[in-house]
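Residues per chain are reported as follows:
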Amino acid sequence: MFSKYEIVYSGYQGLFFRDGVLLDVRQPGRHRLQRRREEIKSVDVRSTTIEMVGREFLTSDSASIRASLFGFVRVVDLKKAYNANVIGGYQMSGALSYEDGSLLDLLKAKLRDWTLAHTLTEALAGREDLVTQLKAEADRVAAMQGVEVELLAVTEFAPSGSIKTALANLLKADLEGQLALSKARHEAATLRSLMNTSRLIKDNPGLLELRLLTTGAVPRLTFQVGSTVGTAADAGPAPERE
């Protein structure tokens, strides 16, 4: 009559209160409580995602960079997390969960300070250093909140706006220049080949006859009479001698 039972399910832990005072954390299972005095609030301690999508930050040379973050966090010390005020957000099941707002705000501030300390070129080249510093900051903050950052990745880090368009045009111009250079090199190689062939035929006339014998090709001779230009094939067969 004066007791009740509450169940904490797998993947959850329970905040155990007596007369409104947090006493300890209960693990998954069936727990007997004193009616009206004790209660358990279940909290989801499974891995959850944190995400920041498409935020823009300025570099030291006033260029705009668009950045996105993605990661996984997990509650490892529920009592510390509760005291750090990062437990809330009721799920459909009625359980509480980790709120990532404060962690994301600190990561955004770190990202803003980092980009402001670098030029656009330095920022794009230093992406790995940025990820390392963000992970270190996330681990430091998470340890104070009783959570663990299992993964943190920068999924997007690129120029935006007019800078993005300018870089695309620069890349296009560079590719077009490389294409034109390649075409010119091929044409020069063809001309060199023709020049070498012409020199060989001039120095060795017998090569042309040998070529005609091996290919069976009939030479096409061009002749000009007055203003009329024709070929040997147009003149018809030669007249027979009497």
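Please refer to the structure placed before this passage.
Read on for an overview of the structure. (Residues numbered from 1 in each chain as written. Predicted model: local features only at pLDDT ≥ 70, side-chain atom pairs only at ≥ 80, totals over all residues. Heavy atoms only, no water.)

### A short note on helix H2 (residues 101–116)
Consideration 1: With 16 residues, H2 ought to run about 22 Å at 1.5 Å a step, and its terminal C-alpha atoms sit 23 Å apart, in line with that.
Consideration 2: Of all the positions in H2, only Leu103, Leu104, Leu107, Leu111, Trp114 and Thr115 are classed as buried. Axial view of H2: buried residues confined to an arc of 95°, hence all on one face.
Consideration 3: The elements touched by buried residues of H2 are strand S6 (48–58), strand S7 (64–75), strand S9 (97–98), helix H3 (120–125), helix H4 (127–145) and strand S10 (147–159). (Helix = DSSP H or I, 4+ residues; strand = E, 2+ residues; numbered from the N terminus. Expected span 1.5 Å × (residues − 1). Buried < 20%, exposed > 50% of the residue type's maximum accessible area, 1.4 Å probe, protein only. Arc of directions from axis to C-beta. Contact = heavy atoms within 4.5 Å.)

### Brief notes about the packing of H2 against H4
Consideration 1: H4 packs onto H2 with a crossing angle of 150° between their chain directions and a minimal axis gap of 10 Å. With respect to each other, H2 and H4 are oriented roughly antiparallel. Crossing geometry of H2 relative to H4 is assigned as right-handed. Residues Ser102, Leu103, Leu106, Leu107, Lys110, Leu111 and Trp114 of H2 lie in contact with H4, whose contacting residues are Asp129, Leu130, Gln133, Leu134, Glu137, Ala138, Val141 and Gln145.
Consideration 2: In terms of residue class, the contact of H2 with H4 is built from 9 nonpolar, 3 polar and 3 charged. (Axes fitted to C-alpha atoms, helices over the stretch in contact; angles between N-to-C directions. Parallel < 35°, antiparallel > 145°, perpendicular 65-115°, else oblique. Left-handed = near helix turned anticlockwise from the far one by under 90°. Nonpolar A, V, L, I, M, F, W, Y, C, P; charged D, E, K, R; others polar.)

### Some words on the sheet that holds S7
Consideration 1: Taking strand neighbours across the sheet as the criterion, the 3 strands line up as S6-S7-S10 in an open arrangement whose pairing is antiparallel. Of all the strands in the sheet, just S6 and S10 have a single pairing partner and so form its edges. Across this sheet, the average inter-strand angle for adjacent strands is 15°, counted without regard to direction.
Consideration 2: Where S6 lies against S7, 9 bridges are found, and the strand directions are antiparallel. (Pairing = 2+ DSSP bridges.)

### So, the nonpolar core
Consideration 1: Val75, Leu103, Leu107, Leu111, Leu134 and Phe157 are the most contacted members of the largest nonpolar core, which has 37 residues in total.
Consideration 2: Grouped together as the second largest cluster of nonpolar side chains are 6 residues, Tyr12, Phe16, Leu33 and Ile40 included. (Core = buried A, V, L, I, M, F, W, Y, C linked by side-chain atoms within 4.5 Å.)

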